[in-house]
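If you want the building blocks of each chain, they are given just below.
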Amino acid sequence: MTDQAKAPVESTIDKVNKTLARRYRAEKRFRLYGMLSIGFGLLALVVLFTDIISKGKGAFLQSYIQLEVTYDSDVLGVYDVNDEDQMALANFEGVVKQALRNRFPEVSSRKDKKELYQLASLGAAFELRKQLTADPQLLGKTETLWLLADDDIDTYYKTIGGEEFIGATSDKQRAWTKSLVDADEIELKFNINFFTRGDSREPELAGIWGAAKGSFFTLLITLVLSFPIGVAAAIYLEEFAPKNKWTDLIEVNINNLAAVPSIIFGLLGLAVFINFFHTPRSTPIVAGLVLTLMTLPTIIISSRAAIKAVPPSIRQAAMGMGASPMQVVLHHVLPLAMPGMLTGSIIGMAQALGESAPLLMIGLVAFVVDVPGAINDPATVLPVQIYLWADSPERAFVEKTSAAIMVLLAFLIAMNTLAVFLRKRLERRW
Amino acid sequence: MTSIATEQAGEMLISKTERTESQVVRDIEHGETVGEPLMEDAKMSVRNTDVFYGDKQAIFGVDLDIGKNQVIAMIGPSGCGKSTFLRCLNRMNDTVEGCRVSGELTLDGSDIYSKKMDVVALRARIGMVFQKPNPFPKSIYDNVAYGPRLHGLASRRGELDEIVENSLRRASLWDEVKDRLHSPGTGLSGGQQQRLCIARAIAVSPEVILMDEPCSALDPIATARIEELIAELRENYTIAIVTHSMQQAARVSQRTAYFHLGHLVEVNDTEKVFTSPEHELTEAYITGRFG
Ligand SMILES: Nc1ncnc2c1ncn2[C@@H]1O[C@H](COP(=O)(O)OP(=O)(O)OP(=O)(O)O)[C@@H](O)[C@H]1O
Ligand SMILES: [Mg+2]
């Protein structure tokens, strides 16, 4: 007894306390690592967003010039607004030119006039046509209107006061612009064209709506095809297929497909859908088919994982009550697996929304001015539109590119938010 | 060297008073079931039944009758095949990958495993309560109403309400849940959940109820309530219960079947099994020498 009392015995709790300090340190360190990586991720995101937003915010505003416009019957060649032939041939550009000449009466030489006419966009003439068609009373009258400026003028105007970008503008054009600025006759207005029009060679007329609708139709087809097919395949593989080497082989292949570079799906689509089935090229339908092939593996894999996560005790309970295998799936497995399936599908859809490589193969890269009205109209999609604009030489397309990226990101954020919302909403505990 | 020597010595020592376990096991592989496995006027009868998991045999030639409005308890060491045998009775083994059942199993004289027997209808007649409470992640009401809806037992809403209330009452759960029928069944306590599962099973008025260790996840009070419940249910149903608790078997059952390594060793009236077992393996098990 006394011997033991003298010896400095370490009790278990002392030993534990010693290791405890080390454990706390390790825990702290680990938490720090985690916070650092999240911080790094957030930083990258902030840099990306600020870059895109600072570059792209200009695209939401567009320069307009104030001009006194006279709807002159002689210049237009229109004497009766209801006469369609006359309206079709009407020279609205002449009216714009006349207005510009009236605003700058000192311009006389032919060459200078040509430069002067470049201040206004083609869109100005479109606008006048719209106004006159809407209100035939305007014929012969004079109105003060804000008309769309050319993209070079727009770019120059936006950079006045900073590092001036002169681009393709001439000295005279810049002087005229300055005089408009001094007279408060040039102004930035909300760029409605960007949200309502299709693509255009003229940056000030180019809009995202055509590509957005193209993306919408494409995703609609992808969703309508890949969700039911993917879920059905997952249910069959998980619940009904016998477990043998064939199903193993299928499983391996599905996992492989998920990792195949997307451009390969584009080549496949070109060979199968366009060359063999003669699906119309450059349309949402063929894009949707190709993206269906691409998203199917993702949906199947995530759906299978969701089905696997349904506790077997629920299945047993249902079977014990006399439910048939199909009823077990419909009554219990599907409702419980649905949040996971939906999340996986939406993530697959978001991938499909951002995909451009396979679509380049099947003609979605074509220059399409018209906004598509149906799934078999020629169209382009958001990421391809971004690629096209990024590739255009006009300086004004730089901000359009960034703005289009913002629109795409907004869509992605909306979809991912929906995924989180649906999961929260449908998730049930058991 | 030394350890083997002592083991051998020990074995010799035992063998003087009684035979070794391995000898007994060799014995039962050829032996018949002792006691009274068969009876007149049985609700279910099982003849010469083997069960295989792949190549591995789990049940060896079992003959057993299950009497009407009786509780039969199945006891035996872990892994001896009690659950496997129970699952044969309502064909739940069909759902187990690689499981094969052979032999003749009948319910009221009709073959359970014949092609003509519909599994859905069979399971409506033979309900099952599992070891772990497994209510559906639905409301209490929907849990109990699931079976009647599935089999179309109620034509009107009121009728369904009645079935649900009756089942919950008989499972002695009604008073506890009558104010929250539409809250989730998974929100109940473990014992309440198990009673809910019993209510769910009896809602389709089965003729036989199979229970696989229904009280293993429950505290003594909840266990006592379920035992009371089994005693009441016996008046209307035939019950087969697997249990690890010998006291429980003694309390709730009229007959007891003892399984050992896939063989049915002994079947007798419960009182007889627990007071004067015929087979030495049964005796060894109930006196706690192995298991
Ligand atoms: N799905 C299965 N696949 C393969 N073998 C199985 C399967 N289920 C059970 N077995 C085997 O069959 C034998 C009997 O198992 P069973 O579950 O019926 O035992 P038990 O008596 O219920 O045991 P416990 O008291 O532990 O529940 C065991 O050897 C077990 O390993
Ligand atoms: Mg068991």
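Rules used throughout
Residues numbered from 1 in each chain as written. Chains lettered and ligands numbered in written order. Predicted model: local features only at pLDDT ≥ 70, side-chain atom pairs only at ≥ 80, totals over all residues. Heavy atoms only, no water. Helix = DSSP H or I, 4+ residues; strand = E, 2+ residues; numbered from the N terminus. Buried < 20%, exposed > 50% of the residue type's maximum accessible area, 1.4 Å probe, protein only. Areas by Shrake-Rupley, 256 points an atom, 1.4 Å probe, with all protein chains shown as cover. Rg over C-alpha atoms; globule rule 2.2 N^0.38 Å. Contact = heavy atoms within 4.5 Å. Lys, Arg positive; Asp, Glu negative; His and termini not counted. Charge placed at Lys NZ, Arg CZ, Asp CG, Glu CD. Domains from an automatic or database assignment. Buried area = accessible area lost by both parts, 1.4 Å probe. Salt bridge = Lys/Arg side-chain N within 4 Å of Asp/Glu carboxyl O. Polar contact = N/O pair within 3.5 Å; in protein donor to acceptor, adjacent residues only side chain to side chain. Phe/Tyr/Trp six-rings, centres within 6.5 Å; stacked < 30°, edge-to-face > 60°. Lys NZ or Arg CZ within 6 Å of the ring centre and 35° of its normal. Core = buried A, V, L, I, M, F, W, Y, C linked by side-chain atoms within 4.5 Å. Pairing = 2+ DSSP bridges. Axes fitted to C-alpha atoms, helices over the stretch in contact; angles between N-to-C directions. Near = heavy atom within 4 Å. Nonpolar A, V, L, I, M, F, W, Y, C, P; charged D, E, K, R; others polar. Parallel < 35°, antiparallel > 145°, perpendicular 65-115°, else oblique. Left-handed = near helix turned anticlockwise from the far one by under 90°. Patch = residues over 30% accessible without salt bridge, like charges linked within 9 Å, V, L, I, M, F, W, Y side chains within 5 Å.

Draft legend 1. Structural detail: the overall build of chain B. Of the regular secondary structure elements, chain B holds twelve helices and eleven strands. The buried share of chain B, taken over its 291 residues, is 50%. In the form shown here, chain B has an accessible surface area of approximately 13600 Å², with 48% of it arising from carbon and sulfur atoms.

Draft legend 2. Structural detail: the overall build of chain A. In terms of helices and strands, chain A carries 19 helices and three strands. By the compact-globule yardstick of 22 Å for 430 residues, chain A is too spread out, its C-alpha radius of gyration being 32 Å. For chain A, the spread of C-alpha atoms along the three principal axes comes to 115 × 70 × 35 Å. Counting the 430 residues in chain A, one finds 43% classified as buried. Considering only intrachain contacts with a sequence separation of at least 6, the fraction spanning at least 24 residues in chain A is 77%. As presented, chain A carries roughly 23200 Å² of accessible surface, and 62% of it is formed by carbon and sulfur atoms. For chain A, the centre of its 42 positive side-chain charges and the centre of its 44 negative side-chain charges are spaced 15 Å apart.

Draft legend 3. Representation of the domain arrangement of chain A within the structure. Residues and elements named next belong to chain A. For chain A, the domain assignment lists domain 1 (58-191) and domain 2 (209-426). On a C-alpha basis, the centroid separation for the pair domain 1 and domain 2 is 45 Å. Taken residue by residue, the interface counts ten residues in domain 1 and seven residues in domain 2. Together domain 1 and domain 2 conceal approximately 650 Å² of surface at their shared face, both sides included; 65% is due to carbon and sulfur atoms. Where domain 1 touches domain 2, the interface holds one salt bridge. With a closest N to O distance of 2.7 Å, K158 and E399 form a salt bridge. Run the count over domain 1 and domain 2 and you get two residue pairs in polar contact (both at pLDDT 80 or more).

Draft legend 4. Geometry of the side chain of Q98 of chain A. Within the fold, Q98 of chain A resides in helix α5 (residues 92-103). Here Q98 of chain A is in contact with T70, D72 and V75 of chain A, once residues within four sequence places are set aside.

Draft legend 5. Structural detail: the packing of aromatic side chains. Tallied over the full model, the rule gives twelve aromatic pairs over all chains. Taken together, a centroid distance of 5.7 Å and an interplanar angle of 5° make the contact between F60 of chain A and F195 of chain A stacked. Of this pair, F60 of chain A sits in the loop between α2 (12-56) and β1 (61-70) while F195 of chain A sits in helix α10 (residues 192-196), and the two are 135 residues apart along the sequence. Where F85 of chain B meets F259 of chain B, the ring centres are 5.3 Å apart and the plane angle is 45°; that geometry is what we call tilted. Linking F85 of chain B in helix α3 (residues 82-89) with F259 of chain B in strand β10 (residues 255-260), this pair joins segments that are 174 residues apart in sequence. Each member of the pair, F85 of chain B together with F259 of chain B, is buried. Of the aromatic side chains, those joined through ring pairs into one cluster are F60, F190, F194, F195, W389 and F397 of chain A. Taking the ring centre of F367 of chain A as reference, the NZ or CZ of R201 of chain A above it sits at 3.7 Å. Over the face of the ring belonging to Y113 of chain B we find R91 of chain B, whose NZ or CZ atom lies 5.1 Å from the ring centre.

Draft legend 6. Focus on the nonpolar core. Among the nonpolar cores identified, the biggest contains 57 residues, and F85, L89 and F259 of chain B are the most heavily contacted of them. The element contributing the most residues to this core is helix α16 (residues 325-353) of chain A, with eight residues. Of all hydrophobic cores here, the second largest spans 44 residues; its members include I140, A145, L160 and I163 of chain B.

Draft legend 7. Local environment of the sheet that holds strand β4 (residues 71-75) of chain B. All names here are of chain B. In space, the seven strands of this open sheet follow the order β1-β11-β10-β4-β9-β8-β7, with mixed pairing throughout. Because the sheet does not close on itself, it has two edges, and the strands there are β1 (34-35) and β7 (126-129). With four bridges connecting them, β4 and β10 associate as parallel partners. Across the sheet, I72 pairs through a bridge with R255, a residue of β10. Here helix α8 (residues 190-202) sits on the sheet and contacts β7 and β8 (208-212); the angle it forms with β7, its principal contact strand, is near 170°.

Draft legend 8. Looking closely at the site of ligand 1. All names here are of chain B. Near ligand 1 you find 13 residues, and of these S78, K82, S83, T84 and H244 are the closest. A distance of 2.4 Å separates an oxygen atom of ligand 1 from a polar side-chain atom of T84. Coverage of ligand 1 by the protein amounts to 64% of the 620 Å² it exposes when considered alone. Secondary-structure elements contributing two or more residues to the shell around ligand 1 are β3 (56-67) and α3. Residues that form the shell around ligand 1 fall into these classes: four nonpolar, six polar and three charged.

Draft legend 9. Examining the pattern of salt bridges more closely. All names here are of chain B. Taken as a whole and judged by the stated rule, the model has 26 salt bridges over all chains. Linking D108 and K43 is a salt bridge whose minimum nitrogen-to-oxygen distance equals 2.9 Å. A residue pair is termed long-range when its members are at least 10 positions apart, and D108 in the loop between β5 (99-107) and β6 (110-111) and K43 in strand β2 (residues 42-53) qualify at 65 residues.

Draft legend 10. Local environment of the interface of chain A and chain B. Chain A puts 19 residues into the contact, and the matching count from chain B is 20 residues. Taking both partners together, chain A and chain B bury about 1700 Å²; carbon and sulfur atoms supply 66% of that area. It is M319, G320 and M321 of chain A that lose the most area in chain A upon contact with chain B, and together they represent 35% of the buried surface on that side. Between the two partners, chain A and chain B, sit five residue pairs in polar contact (both at pLDDT 80 or more). Those elements that place two or more of their residues in the side of chain A that touches chain B are α15 (312-320) and α16 of chain A. Considering every element that reaches the side of chain A that touches chain B, the biggest residue donor is α15 of chain A, with seven residues. Here the side of chain A that touches chain B is built from residues that sort into eight nonpolar, eight polar and three charged.

Draft legend 11. Region of interest: the packing of helix α11 (residues 209-240) of chain A against α16 of chain A. All names here are of chain A. Contact geometry for α11 and α16: axes closest at 9 Å, N-to-C directions at 140°. Here α16 runs oblique to α11, going by the angle between their axes. Crossing handedness for the pair α11 and α16: right-handed. Along its contact with α11, which presents S215, L219, T222, L223, S226, F227, V231, I235, E239 and F240, the element α16 presents P325, M326, V329, V333, L334, M338, M341, L342, S345, M349, A352 and L353. Considering only residue class, the contact of α11 with α16 consists of 17 nonpolar, four polar and one charged.

Draft legend 12. Quick peek at a nonpolar patch on the surface. Residues and elements named next belong to chain A. Judged by side-chain polarity, L61, L188, F190, I192 and F195 come together as a nonpolar surface patch covering roughly 420 Å² of accessible area. Sorting the residues of the nonpolar patch by element identifies β3 (186-190) and α10 as the ones contributing at least two each. With a relative accessible area of 31%, F195 lands in the partly exposed category.

Draft legend 13. View of the packing of α5 of chain A against helix α7 (residues 122-134) of chain A. All names here are of chain A. In contact at an axis separation of 8 Å, α5 and α7 are set at 110° when each is read in the N-to-C sense. On the basis of their axis angle, the class for α5 and α7 is roughly perpendicular. The crossing of α5 and α7 is right-handed. Residue-level inspection shows F92, E93, V95 and V96 of α5 in contact with α7, the latter providing L122, A124, A125, L128, R129 and L132. Grouping the constituent residues of the contact of α5 with α7 by class yields eight nonpolar, no polar and two charged.

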